[in-house]
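Chain and residue survey
Now for the letters of each chain:
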Amino acid sequence: MNHLAHLFLAPNSPEARVGSVLGDFTRGVDIAALPNSVRLGVRHHLAVDSFTDKHPDVLASKRLFSTQRRRFSGVALDILYDHFLLCHWDKFTSVDQNTFIQSVYAELQDNENLMSPNMSKTTRHMVSHDWFGSYRDLDNIGYALDRVAARIRFQNSFAGIIHEIRPLHSELEKHFLSFFPDLQNFAGGIE
């Protein structure tokens, strides 16, 4: 899952939500030195990722991608799932979408002291460029995926993966709508 979904599913505290994003930035971080609520968020992140990677709908979605791009399908799905979450927000919560997004942006800004330098840099960019708001538009998902592709340090065929996503959109969305309630149920039980 990508950042928005992790924040959405995280335990209900600012520190745990920070930890739920920190799960992607743990290299060089002494997890044991973090406050308990942040460690809970990191554990939550890892459990959500593990559950996601094994779910039949996620595995079925990955198989839809061409063999040359399948290696990167998990990364593509992570970001695409944030798009689908935004598109179907009201199916999963009664919390106003814009209120949630602005709230987590504020929490991330207020809790930079709990972040690794890489996470701090990324979250500043996330907030200043309103990543989550932009993820409502599928074209912006394509731009985000191409930015990820440009950061890969070896030759790859990840760039342009949005051209595979477009004709698969309905089927990928159907898999997401089957998968996400299972994930939401699982995530709610993580201690």
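Quick note: structure is the one above.
For the structure given in this document, a descriptive report is provided here. (Residues numbered from 1 in each chain as written. Predicted model: local features only at pLDDT ≥ 70, side-chain atom pairs only at ≥ 80, totals over all residues. Heavy atoms only, no water.)

Here the structure, examined in full by the defined rule, presents 14 aromatic pairs. Here phenylalanine 8 and phenylalanine 100 contribute two aromatic rings whose centre-to-centre distance is 6.1 Å and whose plane-to-plane angle is 75°, an arrangement assigned as edge-to-face. Taken together, the residues phenylalanine 8 in helix α1 (residues 3–9) and phenylalanine 100 in helix α7 (residues 97–110) connect sequence positions 92 residues apart. Exposure remark for phenylalanine 8: the relative accessible area of 15% places this residue in the buried category. With centroids separated by 4.8 Å and ring planes inclined at 70°, the aromatic side chains of phenylalanine 92 and phenylalanine 180 adopt a geometry described as edge-to-face. Here phenylalanine 92, found in helix α6 (residues 89–92), pairs with phenylalanine 180, found in helix α11 (residues 162–188); they are 88 residues apart in sequence, far enough to count as distant. By relative accessible area, which is 11% here, phenylalanine 92 ends up buried. Clustering of aromatic rings is evident, with ring pairs tying together Phe8, Tyr81, Phe84, Trp89, Phe92, Phe100, Phe176, Phe179 and Phe180. (Phe/Tyr/Trp six-rings, centres within 6.5 Å; stacked < 30°, edge-to-face > 60°. Helix = DSSP H or I, 4+ residues; strand = E, 2+ residues; numbered from the N terminus. Buried < 20%, exposed > 50% of the residue type's maximum accessible area, 1.4 Å probe, protein only.)

What follows covers the nonpolar core. Among the nonpolar cores identified, the biggest contains 55 residues, and Leu85, Phe132, Ile165 and Phe180 are the most heavily contacted of them. The element contributing the most residues to this core is α11, with 9 residues. Sequence-distant contacts of isoleucine 165, defined by excluding residues within four places in its chain, comprise Phe65, Ala76, Leu80, Leu145 and Leu172. (Core = buried A, V, L, I, M, F, W, Y, C linked by side-chain atoms within 4.5 Å. Contact = heavy atoms within 4.5 Å.)

The next subject is the packing of α7 against helix α8 (residues 117–128). Relative to each other, α7 and α8 sit at 145°, their axes nearing to 10 Å. Once α7 is placed against α8, the crossing between them reads as left-handed. Taking contact as the criterion, the partners of Tyr105, Leu108 and Gln109 in α7 are, on α8, Met119, Thr123, Met126 and Val127. When the residues that make up the contact of α7 with α8 are grouped by side-chain class, the tally is 5 nonpolar, 2 polar and no charged. (Axes fitted to C-alpha atoms, helices over the stretch in contact; angles between N-to-C directions. Left-handed = near helix turned anticlockwise from the far one by under 90°. Nonpolar A, V, L, I, M, F, W, Y, C, P; charged D, E, K, R; others polar.)

The subject of this paragraph is helix α4 (residues 56–63). Every buried residue belonging to α4 is among Asp57, Val58, Ala60 and Ser61, and all of these are buried. Buried positions in α4, seen along its axis, are confined to an arc of 160° and lie on one side of it. Counted as exposed and oriented over 90 degrees from the buried face of α4: Pro56 and Arg63. Residues of α4 that are buried in the fold lie against α3 (36–54), α5 (73–87) and α11. (Arc of directions from axis to C-beta.)

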